[in-house]
Amino acid sequence: MASMAAVEKSTAASVQTIAQSNPPQVPPQYIQPPQTRPFCSSARAPAANIPAIDLSGLDPTHRDRVRVRAQIGRACRDWGAFHVTNHGVPSSLLDRARAVGSSFFGDSSMDEKLAYACDPSSSATEGYGSRMLENDDSVLDWRDYFDHHTLPLSRRDPSRWPSSPPDYREVMAEYSDRMGLLAKQLLGLISESLGLPTLCIEHAVGEFYQNITISYYPPCPQPDLTLGLQAHSDMGAITLLIQDDVGGLQVLKDGEWVTVEPLSDAIVVLLADQTEIMTNGIYRSAEHRAITNASRARLSIATFHDPSKARKISPVSELISDSSPPRYREVVYGDYVSSWYTKGPEGKRNIDALLL
Ligand SMILES: O=C(O)CCC(=O)C(=O)O
Ligand SMILES: [Fe+2]
């Protein structure tokens, strides 16, 4: 859910401030209607976790690309979400990214945080915030966030990111670079898994517009009535996400919410809406949400890889034939984003509107 910061009201109360006052109940704006509450639907104990794919097979000494590609294809078809392990990003970098994020949310004063509040009147939309939509009369998420513009490099200005802890900016810049490389590698495997040339989907996306959102979910007094982040699919091409050991990410699978159990050092891959369009719906974007808990604050870091706003996205021509006609209308990515922010996510409503 990139760049929600665009429409942040810097005066809105942070969820952390509400949580720190130890209310016995959540304020009414945070109470979900019965049908979207986390534990009152048909939710059962999770029978499965998302698949975990070991990328060490890509190492030239293993030469196991065929196996990895097949596993990726299966995970994309069945889930639209999977873990990758042995992905080449040092676990120390993942730990440092989580550490600087926790330090900003946990150790900085509210004044220090508000110094980076998103400015709704400026085109620089990154920063600290809490609300998602400008005229948000829908239920609010139990979440604060910090949104960073990271790629292309012309968008990256670390002086707009926290200066404390002192290594924050350096860590996030390195993290951005490593996630961008991994996203390209994964789009290559996803292309190959469909019998497409390796660079097919990457070229269809064009230059990556990458945003990184650190989400902070304070402990919530009524987790059964509240969502950390409402159900949605991400707008762009591919999202790479890491979480801490608290857990709270859920993916919708065959109508059931499945909890993505934290897997140490792994990275969660979520297919996003433009990949669903480009693959003509052979691969679907993952619908996901975050739940809260009463005892421990949770942190996640989502790295979104999107086309530029001007980019036109449509099913790739190699996948279109008389027997498989296009299933989605062409869309200018910027128009897709605008409509998403106007209507709100509500599951996969936005991409469903493009179905032919
Ligand atoms: O916190 C999470 O695990 C989910 C975050 C997410 O889905 C998003 O930022 O778009
Ligand atoms: Fe998301």
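What counts and what doesn't
Each residue is numbered by its place in its chain's sequence as written, counting from 1. As they are written, the chains are lettered A onward and the ligands numbered 1 onward, keeping that order. Under the rules for a predicted model, residues below a pLDDT of 70 receive no local features and side-chain atom pairs below 80 are neither given nor counted, while totals for whole chains, interfaces and linings still include all residues. Note: side-chain values were computed over all heavy atoms of the structure, leaving out hydrogens and water. UniProt positions are given in the numbering used here, feature names are shortened, and annotations may be inferred rather than shown by experiment. Here the rule is simple: two strands pair whenever DSSP picks up at least two bridges between them. Helix and strand definitions here come from DSSP, where helices need a minimum of 4 consecutive H or I residues and strands a minimum of 2 consecutive E residues; each element is numbered from the N-terminal end. Simply put, an axis is a line fit to the C-alpha atoms, just over the touching stretch for a helix, and the angle between two N-to-C directions goes from 0 to 180 degrees. Metal donors: N, O and S atoms at distances within 2.8 Å, or within 3.2 Å for Na, K and Ca, with water omitted from the atom set so that some sites may seem incomplete. Three exposure classes are used, based on accessible area relative to the maximum for each residue type with a 1.4 Å probe and protein chains only: buried under 20%, partly exposed in between, and exposed over 50%. The pairing test for Phe, Tyr and Trp rings, Trp by its six-membered ring, is centres within 6.5 Å, and the orientation test on the planes gives stacked under 30 degrees, edge-to-face over 60, and tilted for anything in between. Note on geometry: a ring has a charge over it if NZ (lysine) or CZ (arginine) is within 6 Å of the ring centre and within 35 degrees of the ring normal. Only buried residues count toward a nonpolar core. Its members are Ala, Val, Leu, Ile, Met, Phe, Trp, Tyr and Cys residues joined through side-chain atoms within 4.5 Å. Residue contacts are counted whenever heavy atoms from the two residues lie within 4.5 Å of one another. Any carboxyl oxygen of Asp or Glu within 4 Å of a side-chain nitrogen of Lys or Arg constitutes a salt bridge here.

As recorded by an unreviewed UniProt entry, the chain carries the name Jasmonate-induced oxygenase 4 isoform X1 and is attributed to Rhodamnia argentea. In its Sequence similarities (unreviewed entry) section, the UniProt record describing the chain reads: "Belongs to the iron/ascorbate-dependent oxidoreductase family."

Enquirer: I tried to follow the sheet that holds strand β11 (residues 288-290) on my own but got confused; where do I start?
Expert: Either a parallel or an antiparallel arrangement is found when strands of a sheet pair, and the pairing is made through backbone hydrogen bonds. Pairing in this open sheet of four strands is antiparallel, and the strands run β6-β11-β8-β9 from one edge to the other. Either end of the sheet is taken by a strand with one partner, and the two such strands are β6 (229-232) and β9 (256-259). Going from strand to strand, the sheet's axes swing by 25 degrees on average, the running direction of each strand aside.

Enquirer: Help me understand the coordination of the iron ion (ligand 2) in this model?
Expert: A metal bound by six donors in octahedral fashion has ideal angles of 90 or 180 degrees, whereas one bound by four tetrahedral donors has an ideal angle of 109.5 degrees. Within the protein, the atoms that donate to the iron ion (ligand 2) are His 232 (NE2), Asp 234 (OD) and His 288 (NE2), at distances of 2.1 to 2.2 Å. Of note, the iron ion (ligand 2) draws all its donor residues from one chain, in the sequence arrangement H-x1-D-x53-H. Of this pair, Asp 234 sits in the loop between β6 and β7 (238-243) while His 288 sits in strand β11, and the two are 54 residues apart along the sequence. Taking relative accessible area as the criterion, His 288 reaches 5% and is therefore assigned buried.

Enquirer: Hey, could you run me through unusual backbone geometry in this one?
Expert: Both trends apply: most residues other than glycine have a negative phi, and most peptide bonds are in trans. Of note, the bond from Leu 151 into Pro 152 is cis; its omega dihedral lies within 30 degrees of zero at -5 degrees. Its place among the elements puts Pro 152 in the loop between β4 (144-151) and α5 (168-193). Here Ser 164 and Pro 165 are connected by a cis peptide whose omega angle stands at 0 degrees. With respect to the helices, strands and loops of the structure, Pro 165 is situated in the loop between β4 and α5.

Enquirer: Teacher, can you tell me more about the pairing of strand β2 (residues 81-85) here?
Expert: Residues in a regular strand point their side chains to alternate faces of the sheet. Burial analysis of β2 places five of its five residues in the buried class, the great majority of the element. Burial along β2 is two-sided: Ala 81, His 83 and Thr 85 and Phe 82 and Val 84, pointing in opposite directions, are all buried. Pairing analysis gives three bridges linking strand β1 (residues 52-54) to β2, with the strands arranged parallel. In the strand pairing of β2, Asp 54 is matched with Thr 85.

Enquirer: Hey, could you run me through the packing of aromatic side chains in this one?
Expert: The geometry of an aromatic ring pair comes down to the distance between the two centres and the angle between the two planes. The final tally for this structure, using the stated rule, is eleven aromatic pairs. Measuring from ring centre to ring centre gives 6.1 Å for Phe 105 and Tyr 128, while their planes differ by 45 degrees; the resulting arrangement is tilted. Residue Phe 105 is located in helix α3 (residues 91-107), and its partner Tyr 128 is located in strand β3 (residues 127-129); the two are separated by 23 residues in the primary sequence. Overall, the relative accessible area of 0% leaves Phe 105 in the buried class. Using a relative accessible area of 3% as the deciding quantity, one classes Tyr 128 as buried. When the centroid spacing of 5.3 Å and the interplanar angle of 70 degrees are considered together, the rings of Trp 340 and Tyr 341 count as edge-to-face. A connected cluster of aromatic rings, assembled from ring pairs, spans Phe 104, Phe 105, Tyr 116, Tyr 128, Phe 146, Tyr 168 and Tyr 216. In this arrangement the basic side chain of Lys 253 is found over the ring face of Trp 79, its NZ or CZ atom lying 5.2 Å from the centre.

Enquirer: Which parts of the structure should I look at to understand the sheet that holds strand β10 (residues 267-271)?
Expert: Taken together, the eight strands give an open sheet; going across it, the order is β1-β2-β10-β7-β12-β5-β4-β3, and neighbouring strands pair in mixed fashion. Where the open sheet ends on each side, the last strands, each with one partner, are β1 and β3. Looking at each pair of strands side by side, their axes are set apart by 25 degrees on average, direction ignored. Inspection of the sheet shows β7 paired to β10 by four bridges, in the antiparallel sense. Each residue of the ladder has a partner; that of Thr 239, found in β10, is Leu 270.

Enquirer: How do you make sense of the pairing of β4 when you look at a structure like this?
Expert: Of all eight residues that make up β4, eight are buried, and the element is covered over most of its length. As defined by bridge partners, β3 adjoins β4 across three bridges and the pair is classed as antiparallel. Within the sheet, the bridge partner assigned to Tyr 128 lies in β4 and is Phe 146. As paired strands, β4 and strand β5 (residues 209-217) are joined by seven bridges and run antiparallel to one another. Directly across from Asp 147, in β5, lies its bridge partner Thr 213.

Enquirer: What am I meant to see in the nonpolar core here?
Expert: Soluble globular proteins tend to bury their nonpolar side chains together. In terms of nonpolar packing, the biggest core is built from 66 residues, with Leu 55, Ile 72, Phe 82, Tyr 175, Leu 186, Ile 190 and Ile 267 touching the most fellow members. Broken down by element, this core gets its largest block of residues, twelve residues, from α5. Residues in contact with Ile 267, not counting those within four places in the same chain, are Phe 82, His 83, Val 84, His 87, Val 89, Leu 94, Met 179, Leu 182, Leu 240, Leu 241 and Ile 242. Of all hydrophobic cores here, the second largest spans 13 residues; its members include Leu 249, Val 258, Val 260 and Ala 286.

Enquirer: Please clarify how the environment of Val 337 should be interpreted in this entry.
Expert: Tracing the chain through its elements places Val 337 in helix α8 (residues 333-343). Take Val 337: its relative accessible area is 10%, and that puts it in the buried class. The spatial distance from the C-alpha of Val 337 to the C-alpha of Gly 236 is 8.8 Å, given a sequence separation of 101 residues. Ignoring anything within four residues of it in the chain, the contact list for Val 337 reads Met 235 and Lys 309.

Enquirer: Sorry if this is basic, but what is going on with the pattern of salt bridges here?
Expert: Side-chain pairs of opposite charge can arise where the charged atoms are in close proximity. Going through the model one piece at a time under the given rule, you end up with 13 salt bridges. Ionic pairing is found between Arg 65 and Glu 192, a salt bridge with its closest N-O pair at 2.8 Å. Of this pair, Arg 65 sits in helix α2 (residues 65-78) while Glu 192 sits in helix α5, and the two are 127 residues apart along the sequence. Here Glu 192 falls in the buried class, since its relative accessible area comes to 13%. Among the ionic pairs, Glu 174 bridges to Arg 96, the shortest N-O distance being 3.9 Å. Linking Glu 174 in helix α5 with Arg 96 in helix α3, this pair joins segments that are 78 residues apart in sequence. Among the residues examined, Arg 96 registers a relative accessible area of 30% and is labelled partly exposed. Put simply, Arg 65, Arg 69 and Glu 192 are held in one network by salt bridges that share partners.

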